[in-house]
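Below are the chains, spelled out letter by letter.
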Amino acid sequence: MIEAIIAGAVGLVVGAVAFTFVGYGVRKKRAEKEIGSAEQEVKRLREEGAKQAETLKKEALLSAKEEILKQRTEAEKEIKERRADVSRMERRVTQKEENLDKKSEALERKNEQLDKKIKENEALTEQINQLREKEIEVLEKISGISVEQAKEELLARTESAIKHELAQRMTELEAQFKEEADGKAKNIISLAIQRCAADHVAESTVSVVSLPNEDMKGRIIGREGRNIQMLEKLTGIELIIDDTPEAITLSGFDPVRRETARLALEKLIADGRIHPSRIEETVEKAAREVEAGIKQAGERATFDVGIHGINGELVRMLGRLKYRTSYGQNVLKHSIEVALISGMIADELGVDSTVAKRAGLLHDIGKAQTHEMEGSHVELGVNLAKKYKESKDVIHAIEAHHGDVEAQTITAVIVQAADAISAARPGARREDLENYIKRLEKIEEIAKSFSGVDKAYAVQAGREIRVMVKPEEVNDDGMKIIAREMAAKIQEDVKYPGQIKINIIRESRAVDYAK
């Protein structure tokens, strides 16, 4: 049994070996056949590649020959054109030489003629002088006066005419220079205005606090009015409780105190606990918040303008301007705008823009103290700037920005212009109707006070005054004098934003009727 198993196993092994050898022979023949086919394919590809290479070579040679022929043709054409240009230039040069020779000959002939005419003129001049001397002698005998006396009389007669012509010439030159200066100034100012666009919102001297309901008015007044009296005592602001539904009006001259009262009242309304001790605590807290807001506003203003190194107290004063208004215009926003416009104008004129912006930012700093100290905001601003060691240019610009002193530096003039631009923007400032009418009446009154003025009208919202003069009393030269004197008088006696144009009109009419 074991032998049979061994014999079977040996048979299986022998069969597997035989199958392997047979399979190997078959694969070998197949591989040899594929190798032969591949060699034939390679040979065929080589032949085709050689043919294609030969063809490309011939095409490249033909293309190169064509390109060479084309370039040779173009070169020959260019050479012909250049030769033609050279020939034309040679002909021109020859022609110019001929023309120059002809002109030279003509000039020589003209010189000879001129020499001849000069000699003739000299002879004529001598004859004329002799005749003039004889004529003068005859005229002296006839008139009975000498030449010197005649000259004096002639000068006297022409003096008025010369003055008139001189006045006209001066007026024309002045108008020309003014037009050129105005053009340059308008260009610089327009660029500054375009680059600095600021919003203006009219602000009032009263604040309104909204109430959740009408019952809150009674709680704010308190028993026997103790709550409202405490609020008014601590804040210095008057609380007006009228028939306006769900609202209380805060009225006061000091904007910082008014803001403190507004914050305190809003906190009390939100808290609901309204009694004297709570009012005192809330007002103190509101005052601290307002003071912190003032400091932040000042720091923000210096950051927006790009000015650093300002004394901390001046920065706080700047922040107080956030609650100060002038003709409804917020003074802090106005100061920032003046600083930016001053810097832009200074850049256009080649002046130090940092000093100009610093002066523009601080020019109204005195308005932060006008509710607390006596004196104009210009005086207070100058004192503050000197106290905190500002430069002389900045101090002078503050002192001169309203014309209290004559501007001595370019920076002061720039700040004056920027201040006028900011204040004169449409909608920047407002004034009540009564003051507006009084200003117009004052301007007309000043215009009518001059001799020779017939009528005067303030137009363009008070920015122009049209004056009709009597033609029989005022001549054209006198109009200029009246205009200047009137402008000086208005500047001295009237306060106004922007500028006022004086327009003098002189008209003569002759009327008759055909019957």
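Being a predicted model, the structure only gives us computed values, none of them experimental. (Residues numbered from 1 in each chain as written. Predicted model: local features only at pLDDT ≥ 70, side-chain atom pairs only at ≥ 80, totals over all residues. Heavy atoms only, no water.)

Most of strand β3 (residues 247-251) sits out of view: four of its five residues are buried. Where strand β2 (residues 238-240) meets β3, three bridges bridge the pair, whose relative direction is antiparallel. The residue of β3 that forms the bridge with Glu 238 is Ser 251. As consecutive antiparallel partners, β2 and β3 are separated by six residues, and within that stretch Glu 246 has a phi angle of approximately 55 degrees, a positive value. (Buried < 20%, exposed > 50% of the residue type's maximum accessible area, 1.4 Å probe, protein only. Helix = DSSP H or I, 4+ residues; strand = E, 2+ residues; numbered from the N terminus. Pairing = 2+ DSSP bridges.)

Right, let's get into the side chain of Asn 227. Looking at where Asn 227 falls in the secondary structure, it is placed in helix α4 (residues 226-235). Polar side-chain contacts of Asn 227 include one of 2.9 Å to the backbone oxygen of Arg 219. Contact partners of Asn 227, with chain neighbours within four places excluded, come to Arg 219, Ile 220, Ile 221, Gly 222, Ile 274, His 275, Pro 276 and Ile 279. (Polar contact = N/O pair within 3.5 Å; in protein donor to acceptor, adjacent residues only side chain to side chain. Contact = heavy atoms within 4.5 Å.)

Moving on, we get to helix α5 (residues 255-271). Counted at 1.5 Å a residue, the expected span for α5 with its 17 residues is 24 Å, and the 24 Å between its end C-alpha atoms agrees. Among all positions of α5, only Pro 255, Val 256, Arg 258, Glu 259, Thr 260, Ala 261, Leu 263, Ala 264, Leu 265, Leu 268 and Ile 269 are buried. (Expected span 1.5 Å × (residues − 1).)

Moving on: the pattern of salt bridges. The final tally for this structure, using the stated rule, is 21 salt bridges. Between Lys 480 and Glu 174 there is a salt bridge; the shortest N-O distance is 3.9 Å. With a gap of 306 residues between them, Lys 480 in helix α14 (residues 476-493) and Glu 174 in helix α2 (residues 147-195) connect regions that are remote in the sequence. Judged by relative accessible area, Lys 480 falls into the partly exposed class, the value being 33%. Judged by its relative accessible area of 31%, Glu 174 falls in the partly exposed class. The salt bridge involving Glu 313 is made with Arg 316; its shortest N-O contact spans 2.8 Å. Note that Glu 313 and Arg 316 are positioned in helix α7 (residues 312-320) at a spacing of three residues, about one turn of the helix. What makes Glu 313 partly exposed here is its relative accessible area of 24%. By relative accessible area, Arg 316 is classed as partly exposed at 24%. Each of the salt bridges in this network shares a partner with another, and the network as a whole consists of Asp 271, Arg 273, Arg 278 and Glu 281. (Salt bridge = Lys/Arg side-chain N within 4 Å of Asp/Glu carboxyl O.)

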